[in-house]
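# Secondary and tertiary structure notes
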Amino acid sequence: MTDLHTREPDTASSVVESLSVQQALNSALADELAADDRVLVLGEDVGVLGGVFRVTEGLQKRFGAARVFDTPLAESAILGTSVGLAMAGFKPVPEVQFDGFSYPAFDQIVSQVARYRNRSRGRISMPITLRVPSYGGIKAPELHGESTETFWSHVAGLKVVSPSNAHDAYHLLRAAIQDPDPVIFMEPKSRYWQTSAVDVGATAGATGARVVRPGKHVTILSWGAMVGRSLQAAHAAEEDGVQIEVVDLRWLSPIDTATIVESVARTRRAVVVHEAPRSVGVGAEVAARINERCFDALKAPVARVTGYDVPTPAGRLEDEYIPSVDRILLGVQSVLEYRRG
């Protein structure tokens, strides 16, 4: 093993490939494992099986069982082990198989992972990237389709990121693993099989929010799987002459307020779309920041199109729970038709 504090520079040239989100994540893990001997991948079935969604497929065979290894079915132990590995100088990339399975590890994530840098006055960092297959959309049982971003975004010391496409999945995961602070990496499982172009040699563009579709009448702000659905709504609205700008937040903590403000100040209307329950969600924080920074420019109150304030339902009811294109368009209509007084 090479010096634990040495990282070979990336040498990839600009190569564009057509990859699914699942393949892009696999490539990102492989490239980080190859570039830095401190990187370790661990979790339930990530080794021999290659993960329940095959995101880690082939990694154990290529890098060995000492660097890609299976763990017992104990999420608190997975995160506790990751804390010890980080303290020893490694960069663990643990996986919990489903979003709802992160709850047993809540104490380790909030009390240890998020706090060690502050607790040690900066002497001990926690370069842990927790991969969490997240959100609904695959008709799974209860606790297999949760939206947990608000928990983690509220905790000081954690960074939270959620890609919406293969290109961002590749680059955001590599950026997360290279970050000295702990990152909760929320992967939209319903998008695992969506394919798009990935420039694996790109060296920039993994920070902050990104405008994925320009428009002039209203801004939709979203992340994860809901970005794709927001783009569908924008395409449908175009038939009626409504030009919707879609902003993919990507990083939920820290939030790129500047990009949000720039877009909303231009369109003067905003709709926030997410799967999580409406109350006290990340969308409420986004709306508050828009209100603080764009109040004089707004022509309508910020609208939210979200899940409902009920437990996330099992698969047979998720179509009623997850924001649909029609619900998003109704949100857009509400801000376009709003009249003061």
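See the structure printed just above.
So, a few notes on the structure that sits alongside this text. (Residues numbered from 1 in each chain as written. Predicted model: local features only at pLDDT ≥ 70, side-chain atom pairs only at ≥ 80, totals over all residues. Heavy atoms only, no water.)

Of the regular secondary structure elements, the protein holds 12 helices and 14 strands. Here the protein has a C-alpha radius of gyration of 20 Å; the compact-globule value for 341 residues is 20 Å, and the two agree. Counting only residues that meet the buried cut, the protein has 54% of its 341 residues in that class. Excluding contacts between residues fewer than 6 apart, the proportion of contacts in the protein whose partners are at least 24 apart in sequence is 83%. Summed over its atoms, the accessible surface of the protein is roughly 14,700 Å², and 52% of this surface lies on carbon and sulfur atoms. (Helix = DSSP H or I, 4+ residues; strand = E, 2+ residues; numbered from the N terminus. Rg over C-alpha atoms; globule rule 2.2 N^0.38 Å. Buried < 20%, exposed > 50% of the residue type's maximum accessible area, 1.4 Å probe, protein only. Contact = heavy atoms within 4.5 Å. Areas by Shrake-Rupley, 256 points an atom, 1.4 Å probe, with all protein chains shown as cover.)

Counting 40 residues, the largest nonpolar core has Ile-184, Leu-221, Val-286 and Ile-290 as the members making the most contacts within it. Those elements that place two or more of their residues in this core are α3 (75-87), α4 (106-113), β5 (129-134), β7 (183-188), α9 (257-267), β13 (270-277) and α10 (282-294). With residues up to four places along the chain from it excluded, the contact list for Ile-290 reads Leu-221, Ile-260, Val-264, Ala-270, Phe-295, Leu-298 and Val-302. Val-21, Leu-25, Leu-59 and Phe-98 belong to the second largest nonpolar core, which has 33 residues in total. (Core = buried A, V, L, I, M, F, W, Y, C linked by side-chain atoms within 4.5 Å.)

Now for the side chain of Asp-199. By the element assignment, Asp-199 lies in strand β8 (residues 195-199). Nearest to the buried, unbridged Asp-199 among oppositely charged side chains is Arg-174, at 10 Å. For Asp-199, the side chain forms a polar contact with the main-chain nitrogen of Val-15, separated by 3.5 Å. (Lys, Arg positive; Asp, Glu negative; His and termini not counted. Salt bridge = Lys/Arg side-chain N within 4 Å of Asp/Glu carboxyl O. Polar contact = N/O pair within 3.5 Å; in protein donor to acceptor, adjacent residues only side chain to side chain.)

In total, this model carries 10 aromatic pairs according to the counting rule given. Between Phe-53 and Phe-98 the ring centres are 5.5 Å apart and the planes differ by 70°, which places this aromatic pair in the edge-to-face class. Taken together, the positions of Phe-53 in the loop between β2 (39-43) and α2 (59-63) and Phe-98 in the loop between β4 (91-95) and α4 put the pair 45 residues apart, joining distant regions of the chain. You'll find Phe-53 and Phe-98 in the same group, each marked buried. Ring geometry for Phe-106 and Phe-151: centres 6.0 Å apart, planes at 90°, overall edge-to-face. Taken together, the residues span a long stretch of sequence, with Phe-106 in helix α4 and Phe-151 in helix α6 (residues 149-153) at a distance of 45 residues. The class of Phe-151 is partly exposed, set by a relative accessible area of 40%. These aromatic residues form a ring-pair network of at least three members: Phe-53, Phe-98, Phe-101, Tyr-192 and Trp-193. (Phe/Tyr/Trp six-rings, centres within 6.5 Å; stacked < 30°, edge-to-face > 60°.)

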